[in-house]
Amino acid sequence: MAYAVEIVGLTKTYPNGFTAVSGLTLNIPKGVFVLLGPNGAGKTTTVEILVGAIKPTSGTVRILGHDILNDAIEARRRIGYLPQNPAAYDEMSAARFLIYMGKLSGLSSSEASTKAEELLRWVGLEDWKRSPIGHYSAGMRQRLGVAQSLVNDPEVVFLDEPTARLDSLAKQDMVERLKQLGREGKCVFFSSQTLSEVESMADQVAVISNGKLVLQGSVEELTRRVEAAEYRIEVSEPNVLAKELEALRFATDIRVENSAVLVRSKEHEKLWRAVPGIVSLHGMELRLFMPVGTKLEETYREALEKARGTVG
Amino acid sequence: MSGLAILMRRELRERALSKSFLIYLLLFLAPSGAGGWFSYALHQDPSALIKITELLPPGPITKVTASVCMMIFADIIMIPMILTAVLQGGDSVAGEQSRGTLRLLISKPIHRWEIVLAKYVSFLIIFTPLTAASTLIMSLSVAVVGIGQVGTDLFLGYLTFFIATEMVYVSIATLFSSCTRRPLTAVAAALVFVVLWMMLELVIPYMPQETAESLKVLSPTNYANDILSYLSQGKAFPSIMGGFKATVSFTEFLRSLAVVSALILVPLSLSLVALETRDIHGQ
C-alpha cells in the first residue's frame, strides 16, 4: 500500500537535551488522520518537522515519496499547512493574502485568484474578502488559515489543531469540511487534543505521549480495544442499585456519586440488559443510563495511562 | 514567476504603500533641505564654519566650497540613513517570525535564502532612489545658493558612499535578525555596532596620524571614505584630516572596495546560513 506520509524513526532532540519526539514511526494513508496527544506530547513538533520548519535529529519522512530533507521543494509543493496559531499579514485583505500564498505555492496569478475566490466562499469569508485581516476575529482568522492551507489544492494537508479557536457551530462545520476533503482522496493530517470531533471524522488515529507512539489504528479498531467502558446510571435509589450491581461479575469499579451510580463493564450488552431488570424489580425510577464519554475517549485515556506507567 | 520575484513584489508593495514609508521619505529628504539651508547660512557667514572646524588637526576650514557643503550634508544624512538601514534589516526575518508568517513561508516550495534575499534587494530598490534623490537635491541646493557646482564625480562618489554604508548596516542588522529572530533584539544589537563605529569615526580626525591609521582599520566608514575619495578624484576631502585621505590610489581603492564588499556579503551569507540551519518555531 502506498502511504501519503511515511515517517520512520523520527526523533527530535533540542540542544538543551529535551527530546520532543522519540523514534516515531507512522504510515499515514489518504483520508482523515488524527494525531492525538495531551499538551506537550510532541504533536506540534511532529507537524513542524513534516512541513520543514524544524529539522529532525534523526529519522526520515517521505511525503508522497519525496524526502522532506533531500527533496524538500517537491515535498512542499504537495502540502498545505495550518500552524497552531494561524498567521497572516494583518494589513493585507484575505483575497490578496490567499493569492500571494497561492502564487508562492506555484500557482499562476489567475489560478491563485480563482482558487482564492472559491476558498473564501468555502470558509464563509466571501463578504470579508476585501477587509484587512487585522480586523478579523480569532475564528475568522482560523477559517482563513484553513483556506490558506488548501490554496494550492494540496494532496496532503497538515492542520495543527484547526478547530481550536472555533465556536461549537463553526467547529462542527469545519469537521464536515475536513471530512469532505478526506472523501475527496486527500490526506488530512489533523492534530488535536480534543476527542469529541475526532470519533466521527477520523479514518485513522494515532496517540502520542512524551514524543512516543502509544497507539495507532482505525477508530473501529481502537474502540474495540476498550477494556472497560464507564457508565453513569441515575436512579431514585442509587444505593440499592449499587448493591445489586456488586453481585454481578461483569460490573466493576462501582461507586455512588450523588444520585448516580458509576460502573465499569467490559461486557456492555450484559450490563444494558441487567440494569433495566434491577430497576424494574425494585420499582425504582430510571432517569439516565449512558456511557461516560465516548469509547474512543476510554481508549485514549487508557493508552495515555499505560504510557505513563500507571496502568498494568 | 519565481519564488524570489513573488516575495520581492510583496516586499516592495508592503514597503512602498506602508505609512512608515512617508516617514522614511521625510527622513531622507528633510536632511537635503536642512543641508541646503545650512550651506546657505555658512556661505553668508563662514565664521561659524571656522568655529566648528577649528579643533581639526590640520586647522580650521575657512572657505565654504561645494565639497565642504557635501561633507556637512553627509554628516546630517548619515544618521537617518543608518537608522533606516538598521530598522529595516532588523525587522526582516525577525518581523516574519514575530508575525508567525515565517513558518508559512517555509512550508511553501521556495528556498529559505529567497526570503532573505527578497527583503535585502527590495530594501535597495526602494531606498537607493531615495538616497539618490536626497543627494541630488543637496547638490542642486549648493549650486542654487551660489557656492559652486557639485561635479558628477563628487556626486557619484557620495552616492556610492551612502549606498555602500546602507548596504553594510542592512547586512549586519539582517544577520542579527536572522540569528535572534526578535526585531527589537536585532535592532539593538545592530545599533551597538553603529554607536561603536560612529564613536570611532568622531575620534579618528583628532588622533595623531599613526594612531588614526591603526584605528581606521576597525571603521567601515573609512573604507567607504576611501571609495568616495577615489571616485571623487580627491575632491571629497579638502585637506588631510586625521585618517582621511584626500587622494587614494587605485590599489587602495580596490582594497577598500573588497573590505566593504566583505562587510556586506559576509553578514548576509551568515544570515542565510542562520535561516537555513536553525529551526523555526511558533511565536
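Residues numbered from 1 in each chain as written. Chains lettered and ligands numbered in written order. Predicted model: local features only at pLDDT ≥ 70, side-chain atom pairs only at ≥ 80, totals over all residues.

### Let's talk about the overall build of chain B
When its secondary structure is counted, chain B shows eleven helices and zero strands. Moving toward the C terminus, one meets the helices and strands of chain B in the order α-α-α-α-α-α-α-α-α-α-α. Radius of gyration (C-alpha) of chain B: 20 Å, near the 19 Å computed for a compact globule of 283 residues. Across its three principal axes, chain B shows a C-alpha extent of roughly 60 × 40 × 30 Å. Of all 283 residues assigned to chain B, the portion counted as buried reaches 45%. Considering only contacts within chain B whose residues lie at least 6 apart along the sequence, 78% involve residues at least 24 apart. (Helix = DSSP H or I, 4+ residues; strand = E, 2+ residues; numbered from the N terminus. Rg over C-alpha atoms; globule rule 2.2 N^0.38 Å. Buried ≥ 20, exposed ≤ 12 C-beta atoms within 10 Å, placed from the backbone. Contact = placed C-beta atoms within 7 Å.)

### What to know about the domain arrangement of chain A
Residues and elements named next belong to chain A. Looking at chain A, the domain boundaries give domain 1 (5–224) and domain 2 (229–307). Here the C-alpha centroids of domain 1 and domain 2 sit 39 Å apart. Of all elements in the fold, only helix 7 (198–201), strand 9 (204–209), strand 10 (212–218) and helix 8 (219–224) reach the threshold of two or more residues within the side of domain 1 that touches domain 2. Here the element with the most residues in the side of domain 1 that touches domain 2 is helix 8; it accounts for three residues. (Domains from an automatic or database assignment.)

### Things to note about the interface of chain A and chain B
At the junction of the two partners, chain A supplies 21 residues and chain B supplies 18 residues. Secondary structure elements with two or more residues in the side of chain A that touches chain B: helix 2 (72–77), strand 6 (79–82) and helix 3 (94–104) of chain A. Considered class by class, the residues forming the side of chain A that touches chain B number twelve nonpolar, five polar and four charged. (Nonpolar A, V, L, I, M, F, W, Y, C, P; charged D, E, K, R; others polar.)

### Notes on the sheet that holds strand 14 (residues 286–291) of chain A
All names here are of chain A. Reading across from one edge, 12-13-11-14 is the order of the four strands in this open sheet, with antiparallel pairing throughout. Each end of this open sheet is capped by a strand with a single partner; those strands are strand 12 (252–257) and strand 14. Strand-to-strand twist in this sheet, taken as the mean axis angle between neighbours without regard to direction, amounts to 15 degrees. Summarising the sheet, strand 12 and strand 13 (residues 260–265) pair through four bridges and their orientation is antiparallel. Residue pairing in the sheet places Glu-257 in a bridge with Ala-260 of strand 13. Those strands touched by helix 10 (residues 268–281) are strand 11 (229–235), strand 13 and strand 14, and its axis lies near 10 degrees from that of strand 11. (Pairing = 2+ DSSP bridges. Axes fitted to C-alpha atoms, helices over the stretch in contact; angles between N-to-C directions.)

### A short note on the sheet that holds strand 10 of chain A
Residues and elements named next belong to chain A. The mixed open sheet is built from six strands, whose spatial order is 6-7-8-3-9-10. Edge positions in the open sheet fall to strand 6 and strand 10, since each of these has one partner strand only. Taking the axes of each pair of neighbouring strands and ignoring which way they run, one obtains an average angle of 15 degrees across the sheet. As paired strands, strand 9 and strand 10 are joined by six bridges and run antiparallel to one another. Looking at strand 10, one finds that Ser-209 is bridged to Lys-212.

### Concerning the nonpolar core
When a protein is soluble and globular, its nonpolar side chains tend to lie buried together. Counting 148 residues, the largest nonpolar core has A:Leu98, A:Val188, A:Phe189, A:Val207 and B:Ala173 as its most contacted members. Counting residues per element, this core draws most heavily on helix 7 (residues 152–180) of chain B, which supplies 15 residues. Contacts of A:Phe189, omitting those with residues within four sequence positions, involve A:Val5, A:Ile28, A:Phe33, A:Leu35, A:Val156, A:Val157, A:Phe158 and A:Leu159. One finds A:Ile233, A:Leu241, A:Val263 and A:Leu271 within the second-largest nonpolar core, a separate group that totals twelve residues. (Core = buried A, V, L, I, M, F, W, Y, C linked by C-beta atoms within 7 Å.)

### Concerning the packing of helix 4 (residues 66–99) of chain B against helix 8 (residues 183–203) of chain B
Residue and element names in this part refer to chain B. Where helix 4 meets helix 8, the axes come as close as 8 Å, and the angle between the chain directions of the two elements is 150 degrees. One way to sum up the angle between helix 4 and helix 8 is to call them roughly antiparallel. Both helix 4 and helix 8 take part in a crossing whose hand is right-handed. Residues Ile-82, Val-86, Leu-87, Gly-89, Gly-90, Asp-91, Ala-94, Gly-95 and Ser-98 of helix 4 pack against Pro-183, Ala-186, Val-187, Ala-190, Leu-191 and Val-194 of helix 8. Across the contact of helix 4 with helix 8, the residue classes tally to ten nonpolar, four polar and one charged. (Parallel < 35°, antiparallel > 145°, perpendicular 65-115°, else oblique. Left-handed = near helix turned anticlockwise from the far one by under 90°.)

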